[in-house]
Number of protein chains: 2
Amino acid sequence: MSLFGGIEAGGTKFVCAVGSGPDDIRDEIRFPTTTPEETLGHAIKFFRKHHRQTPLQAIGVASFGPVDPNPASPTFGYVTTTPKPHWAHTDVVGRLRAALGLPVGFDTDVNGAALGEHRWGAAQGLDTFVYLTVGTGLGGGGMANGKLLHGLMHTEMGHMRIPHDRTRDPYKGWCTYHGDCWEGLSCGPAIEERWQTNARDLAPDHPAWALEAHYLALGLVNIITTLSPQRIIMGGGVMDQHQLFPMMRREVQALLNGYIQKPEVAAQIDQYIVPPGLGNRAGVLGAIALAQDAPAT
Amino acid sequence: MSLFGGIEAGGTKFVCAVGSGPDDIRDEIRFPTTTPEETLGHAIKFFRKHHRQTPLQAIGVASFGPVDPNPASPTFGYVTTTPKPHWAHTDVVGRLRAALGLPVGFDTDVNGAALGEHRWGAAQGLDTFVYLTVGTGLGGGGMANGKLLHGLMHTEMGHMRIPHDRTRDPYKGWCTYHGDCWEGLSCGPAIEERWQTNARDLAPDHPAWALEAHYLALGLVNIITTLSPQRIIMGGGVMDQHQLFPMMRREVQALLNGYIQKPEVAAQIDQYIVPPGLGNRAGVLGAIALAQDAPAT
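Residues numbered from 1 in each chain as written. Chains lettered and ligands numbered in written order. Predicted model: local features only at pLDDT ≥ 70, side-chain atom pairs only at ≥ 80, totals over all residues. Heavy atoms only, no water.

**Some points on the overall build of chain A**
1) Next: Tallying secondary structure elements over chain A gives 8 helices and 12 strands in all.
2) Next: A compact globule built from 297 residues should have a C-alpha radius of gyration of about 19 Å, and chain A, at 19 Å, falls within 12% of that.
3) Next: Counting only C-alpha atoms and orienting by the principal axes, one finds that chain A spans roughly 60 × 40 × 35 Å.
4) Next: For chain A, the residues scored as buried account for 60% of the 297 residues in total.
5) Next: Summarising the internal contacts of chain A: among those between residues at least 6 apart in sequence, 61% fall at separations of at least 24.
6) Next: Here chain A contributes 23 positive and 28 negative side-chain charges, whose respective centroids are spaced 4 Å apart. (Helix = DSSP H or I, 4+ residues; strand = E, 2+ residues; numbered from the N terminus. Rg over C-alpha atoms; globule rule 2.2 N^0.38 Å. Buried < 20%, exposed > 50% of the residue type's maximum accessible area, 1.4 Å probe, protein only. Contact = heavy atoms within 4.5 Å. Lys, Arg positive; Asp, Glu negative; His and termini not counted. Charge placed at Lys NZ, Arg CZ, Asp CG, Glu CD.)

Next up, the structure:
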């Protein structure tokens, strides 16, 4: 069995794992994201140790962003214009490649998770689907026509604009760029600032969740109409509030109002808007999937 | 030179052409869309006449919808749940195939136009882009990863939800399904109902156009964040108001607020949001492109 290294490179923490798939993770560590030197240094040390024992075939990185995921670009593999201190214009792939001498696959965190879900989770056999994470931010990736979404750069689904119900919700929104974009109204910090409460302390029947389901459903409708995905997978800390799923599904149907006559968004909507098949391991397994797909250098 | 037949099948009129590309259209006719029998009958007669003179290789149909564009489906090639009288559940491809004995390519009107733009127009060399038409309705298609967008069914971009500025614009929206969805706020009939004026009679500096540019820009931002297209091509009757282009481009930049740091949406935005390279011939040439891509039966 070929072994691969995966890095789920988050803005708060890094998770590094060695393995070949969901049933074969040999080792895993996690540590906070500090400076690139220190953080990538930890990762390199971890993989070097393993590589000496059993050679790794490649490394995959599913990274916070914005990133440059275009292999033809001179800044491929960089974290680019992030406001995160120390990380703007960091050559993540170049450093790993130089230190480990291995091929490195690289994409956004959400595209990585999407690839993991496609290989082993809730998106198996689909060619067009979306993976969303709703947590400290709101991000989306996925596939169209059997390949990860890239285009001009990569998707930034959290920054679409949706109707903001100012009567019901005068909160101005969390996003420093756009205020009340989709992320600005729906991410975890927005919930906490709006209700002045830790999200975990809001009871499942608190009105916060009906409002959250409403905003999430508006963005889902925009994704459904713009991309026509065969399934939408939703992970991240906010989605651990499982009561959101039935509320969102009902609201998506109400908003579509029968316009899209497909069983997937009607009787079968329980299988259309779903949690990750890999649970909270979609990210790190996605990084391993990116390693498996890394072209030899 | 192989010859093909193309049908731009609109809800108001059909345009049929015979040729091989933009510089080689041998004949063209147009007639109103009445019943399927009569309308498809006209088309069949036109192509039969040509096929007797010089054999056609295939027919392509770029159709109003909703349609079933999935070749693996038992209702492939149907206009499906349209509210248009007589046309619901019409087997367009089956009738043409039976009458003409030729392979028939089939997709939405906007995916057809997108394919035409990809082959001969403003999307040459791109793999991920969007084609929008703003006229009696608002529809979008395009490509991701070098293939036309399909997924669950086909895109219905006009039915995304955008913020509705009710202070500036109390108009309720035109869409019978959703009221103030993107199409409901932005299509030609919405402009005319809102301002109680024929759109052609609204001067280029009438506030109608600033509002239109604002709504169009909101939807464009949602497409940019959800699909990351390398270019957006906009045709249709409303876009003949060329003053909209610079207004939309400025508004898209204001809404993105520097979040996506790519030259395409900054200094080069004049080449990012553009009219069709094929002008108002994108539809019928797209149908010919669909014919060229029709698999042999």
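Still more to cover.
**Remarks on the sheet that holds strand β12 (residues 273-274) of chain B**
Residue and element names in this part refer to chain B.
1) Next: Ordered in space as β10-β9-β8-β11-β12, the 5 strands form an open sheet in which the pairing is mixed. Only two strands of the sheet have a single neighbouring strand rather than two, namely β10 (147-148) and β12.
2) Next: Bridge count for strand β11 (residues 232-235) against β12 is 2 bridges, and the pairing is parallel. Looking at the pairing, I233 lines up with V274 of β12.
3) Next: With respect to the sheet, helix α3 (residues 109-120) is in contact with β8 (129-134), β9 (138-144), β10 and β11, its orientation differing from that of β9 by roughly 50°. (Pairing = 2+ DSSP bridges. Axes fitted to C-alpha atoms, helices over the stretch in contact; angles between N-to-C directions.)

**Some remarks on the nonpolar core**
The nonpolar side chains of a soluble globular protein tend to be buried with one another.
1) Next: Of all hydrophobic cores here, the largest spans 91 residues; its most connected members are L132 and M234 of chain A together with L132 and M234 of chain B.
2) Next: Excluding residues that lie within four positions of it along the chain, L132 of chain A makes contacts with L138, G139, G140, M157, W182, L220, I223, I232, I233, M234 and G235 of chain A. (Core = buried A, V, L, I, M, F, W, Y, C linked by side-chain atoms within 4.5 Å.)

**Quick look at the relation of the copies chain A and chain B**
1) Next: For these two chains of identical sequence, chain A goes onto chain B by a turn of 180° and a shift of 0.0 Å along the axis, with RMSD 0.0 Å. Taken together, the rotation and translation describe the operation of a two-fold axis. No C-alpha of chain A lies nearer the rotation axis than that of P163 of chain A, which sits 2.0 Å from it.
2) Next: Same-surface contact between copies: 100% of interface residues of chain A are shared with the interface of chain B. (Least-squares fit on C-alpha atoms with pLDDT ≥ 70 in both.)

**Some thoughts on the packing of aromatic side chains**
1) Next: For the structure on display, the rule yields 12 aromatic pairs over all chains.
2) Next: Taking 6.0 Å as the distance between ring centres and 25° as the angle between the ring planes, the aromatic pair formed by F14 of chain A and F31 of chain A counts as stacked. In this pair, F14 of chain A sits in strand β2 (residues 13-21) while F31 of chain A sits in strand β3 (residues 24-32), placing the two residues 17 residues apart along the sequence. Each of the two residues, F14 of chain A as well as F31 of chain A, counts as buried.
3) Next: Between F14 of chain B and W87 of chain B, the ring centres sit 5.9 Å apart and the planes meet at 40°, which makes this aromatic pair tilted. With F14 of chain B in strand β2 (residues 13-21) and W87 of chain B in the loop between β5 (78-79) and β6 (90-91), this pair connects stretches of sequence that are 73 residues apart.
4) Next: One aromatic cluster is present, formed by F14, F31, F64 and W87 of chain A through successive ring pairs. (Phe/Tyr/Trp six-rings, centres within 6.5 Å; stacked < 30°, edge-to-face > 60°.)

**Section: the sheet that holds strand β7 (residues 104-108) of chain B**
Residue and element names in this part refer to chain B.
1) Next: Pairing is mixed across the open sheet formed by 5 strands, whose spatial order is β3-β2-β1-β4-β7. Edge positions in the open sheet fall to β3 (24-32) and β7, since each of these has one partner strand only. When the angles between neighbouring strand axes are averaged without regard to direction, this sheet yields 15°.
2) Next: The pairing of β2 with β3 spans 8 bridges and is antiparallel. Bridged to A17 within β3 is E28.
3) Next: Docked against the sheet, α3 engages β2, β4 (56-63) and β7, running at close to 110° with respect to β7.
4) Next: Sheet strands in contact with helix α8 (residues 282-292) are β1 (3-9), β2, β3, β4 and β7, and its direction is about 130° off that of β1.

**Some thoughts on the packing of helix α6 (residues 207-227) of chain A against helix α7 (residues 244-256) of chain A**
All names here are of chain A.
1) Next: Where α6 meets α7, the closest approach of the two axes is 8 Å, and the angle between their N-to-C directions is 50°. Overall, the two elements α6 and α7 adopt an arrangement that is oblique. Between α6 and α7 lies a crossing whose hand is right-handed. Facing W209, A210, E212, A213, H214, L216, A217, L218, L220, V221 and I224 of α6, the residues of α7 in contact are L244, M247, M248, E251, V252, L255 and L256.
2) Next: Of the residues assigned to the contact of α6 with α7, the class counts are 15 nonpolar, 1 polar and 2 charged. (Parallel < 35°, antiparallel > 145°, perpendicular 65-115°, else oblique. Left-handed = near helix turned anticlockwise from the far one by under 90°. Nonpolar A, V, L, I, M, F, W, Y, C, P; charged D, E, K, R; others polar.)

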